[in-house]
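Working through the structure, step by step
Here's the letter readout for the chains.
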Amino acid sequence: MSEFHSKIKTIEWCEIPNGGYSRMVDQTKIPHSFEYVEIKTLEEMYNAIKTMIVRGAPAIGIAGAHGCALYALELSEKYKETNKETFLKELLNGFEYLNSSRPTAVNLSWAIEKQKEIVEESKNLPIEEICSSLIKNAAKLENEDIEINKKIGNFGAEVIPKGAGILTHCNAGALATVGYGTALGVVRSAFAKDNTIQVFADETRPRGQGAKITTFELVKDNIPVTLITDGMCSYFMRNKMIDVVVVGADRIAANGDTANKIGTSTVAIAAKYYNIPFYVAAPKSTIDLSIKSGNDIVIELRDEEEVTMVNGKRICAEGVKIINPSFDVTDNSLIAGIITEDGIFKPEELKEKLKI
Ligand code: MRU
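Everything quoted here is computed from the prediction, not taken from an experiment.

**As for the overall build of the chain**
In terms of regular secondary structure, the chain is built from 12 helices and 16 strands. Radius of gyration (C-alpha) of the chain: 20 Å, near the 21 Å computed for a compact globule of 356 residues. Put simply, 76% of the contacts in the chain that link residues at least 6 apart link residues at least 24 apart. Working note: accessible area of the chain is about 15,700 Å², and carbon and sulfur atoms make up 51% of it.

**Remarks on the site of the ligand**
The immediate surroundings of the ligand are formed by 19 residues, with Arg55, Gln209, Asp250, Asn260 and Lys261 found nearest. Measuring from an oxygen atom of the ligand, one finds a side-chain N or O atom of aspartate 250 at 2.6 Å. Burial of the ligand by the surrounding chains reaches 100%, relative to a free accessible area of 410 Å². Taken together, the residues of the shell around the ligand sort by class into 8 nonpolar, 7 polar and 4 charged.

**Some thoughts on the packing of helix α4 (residues 84-99) against helix α6 (residues 127-157)**
Viewed as axis vectors pointing N to C, α4 and α6 meet at an angle of 25°, and their least axial separation amounts to 11 Å. When the interaxial angle is binned, α4 and α6 end up roughly parallel. Judged by residue contacts, Lys84, Phe87, Leu88, Leu91 and Phe95 of α4 engage Ile127, Ile130 and Leu134 from α6. When its residues are assigned to classes, the contact of α4 with α6 shows 7 nonpolar, no polar and 1 charged.

**Here we look at helix α5 (residues 106-122)**
With 17 residues, α5 should reach 24 Å at 1.5 Å per residue; the first-to-last C-alpha distance of 25 Å fits that figure. Of all the positions in α5, only Val106, Asn107, Leu108, Ala111, Ile112, Gln115, Ile118, Val119 and Ser122 are classed as buried. Elements in contact with the buried residues of α5: α2 (42-50), α3 (57-79), α4, α6, β8 (251-253) and β11 (287-288).

**Side note on the packing of α6 against helix α7 (residues 183-193)**
Relative to each other, α6 and α7 sit at 60°, their axes nearing to 7 Å. Considering the angle they form, α6 stands oblique to α7. Considering the relative orientation of α6 and α7, their crossing is right-handed. Of the residues in α7, those touching α6 at Lys150, Ile152, Gly153, Asn154, Gly156 and Ala157 are Gly185, Val186, Ser189, Ala190 and Lys193. Partitioned by chemical class, the residues of the contact of α6 with α7 number 4 nonpolar, 5 polar and 2 charged.

**A short note on the sheet that holds strand β4 (residues 165-168)**
Taking strand neighbours across the sheet as the criterion, the 7 strands line up as β6-β5-β4-β7-β10-β15-β16 in an open arrangement whose pairing is mixed. Looking at which strands have only one partner, the edges of the open sheet turn out to be β6 (225-228) and β16 (343-345). Neighbour-to-neighbour, the strand axes of this sheet turn through a mean angle of 25°, independent of strand direction. When strand β5 (residues 198-202) meets β6, the two strands line up parallel, connected through 4 bridges. Looking at the pairing, valine 199 lines up with valine 225 of β6. Its contacts with the sheet place α6 against β10 (278-281), β15 (337-340) and β16, and it is angled at close to 140° to β15. Packed onto the sheet, helix α10 (residues 264-273) meets β4, β5, β7 (244-247) and β10 and runs at close to 145° relative to β10.

Rules used in this analysis
Starting afresh in each chain, residues are numbered from 1 along the sequence in its written order. At least 70 in pLDDT is required for a residue's local features to be given in this predicted model, at least 80 for side-chain atom pairs to be given and counted, and no such filter applies to totals for whole chains, interfaces and linings, which use all residues. Hydrogens and water are ignored here; the side-chain numbers use all heavy atoms of the structure. Elements are defined by DSSP. Helices are runs of H or I of four residues or more, strands are runs of E of two residues or more, and each kind is numbered from the N terminus. Every radius of gyration here is taken over C-alpha atoms, with the globule rule written as 2.2 Å times N^0.38, N being the number of residues. What makes two residues a contact is simply this: any of their non-hydrogen atoms within 4.5 Å. To measure how exposed things are, a 1.4 Å probe is used in the Shrake-Rupley method; for residues, cover is taken only from the protein chains shown. Here, proximity means that at least one heavy atom of the residue falls within 4 Å of the molecule or strand. For this analysis, a polar contact is any N or O atom pair within 3.5 Å, provided that within protein one partner can donate a hydrogen and the other can accept it, and provided that sequence-adjacent residues contribute only side-chain to side-chain pairs. Residue polarity follows a fixed list, in which Ala, Val, Leu, Ile, Met, Phe, Trp, Tyr, Cys and Pro are nonpolar, Asp, Glu, Lys and Arg are charged, and the others, Gly among them, are polar. Throughout, an axis means a line fitted to C-alpha atoms (over the contacting stretch in the case of helices), and angles, computed between N-to-C directions, take values from 0 to 180 degrees. Under this scheme an angle from 65 to 115 degrees is roughly perpendicular, one under 35 degrees roughly parallel, and one over 145 degrees roughly antiparallel; angles in between are oblique. Given a helix with a known number of residues, its expected span is that number minus one, times 1.5 Å. Classification of residues uses two cut-offs on accessible area relative to the type maximum, computed with a 1.4 Å probe and protein chains only: under 20% is buried, over 50% is exposed, and between them is partly exposed. By the definition used in this description, the sense in which the near helix is turned from the far one sets the handedness, with an anticlockwise turn below a right angle giving left-handed and a clockwise turn giving right-handed. Only strands that DSSP links by at least two bridges are regarded as paired with each other.

Laid out in structure tokens, this is it:
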């Protein structure tokens, strides 16, 4: 196995004397090229998240943590220890701005909250030390992410039948995280034990993360993958080629309702009809116990051109109406289990059993 996942880090903090910057894979270029970009300011990070240079809930979370550290460095240049109060005020305003870059993936606000805690703890220290505490914490969250994904992978591999056909939607792989992946972490761990499994990857319109990114990752790791279009899942289920579905998540409510890439709930409904288990693989940082159900999850609406244009060409009549929700909510009743770094939970067990 080529172990693509162990060779790349999707996002990484790079240290330089008196500071550092964030380096990330530009996911908008895959599969045509594999390039890194360097992000050095809060504004650049906001744009990288908004335009999906970095995407996938856990990777967005780490981008948020890096963005907070970058802004502290920017402001420390501006204030040079002269005005701590203004430094702190502007810093927290910058955190809020970054948090508004994408609304659905809770990992972004989770990571920014973690950085706010660091500011609170270190606010009486010199500005330089506040900066280094934020950098240290960003690096810690970054390193923990891969370990968490490997744990998710190992728990998840237990529910993958021998020789299974596994359907996944969107990309919840190494490139949606710092490395290894959540849903594809489960695939990687299962494949390490049984190389007769195979993956069916939904194309995932409108942005095509399944076609562009999931297949790219799996082909690199020599894991057999078949690309299907979004409307095909029922065909493959009916013909007994899918044994289990594993997807990632962007936000999971306290009752287990799960927001994930648009089209996920359609797959879950079809899986229920054909009696195929549907699993969600996600770190605890994706579970938002502060909201009761999926009705409280804010669904991001994106630009209509994601729907009307393909490769720079319009594919529909001018004047057509477009609504482009980026995520949907899968009802907890459709979910067989939520695979986390602490084990697999039934949706109704989250509130009582999960230690966050
Ligand atoms: O809009 P994206 O590409 O950031 O959305 C990501 C997803 O919805 C993925 O399906 C994923 O499961 C969540 S991240 C592991």
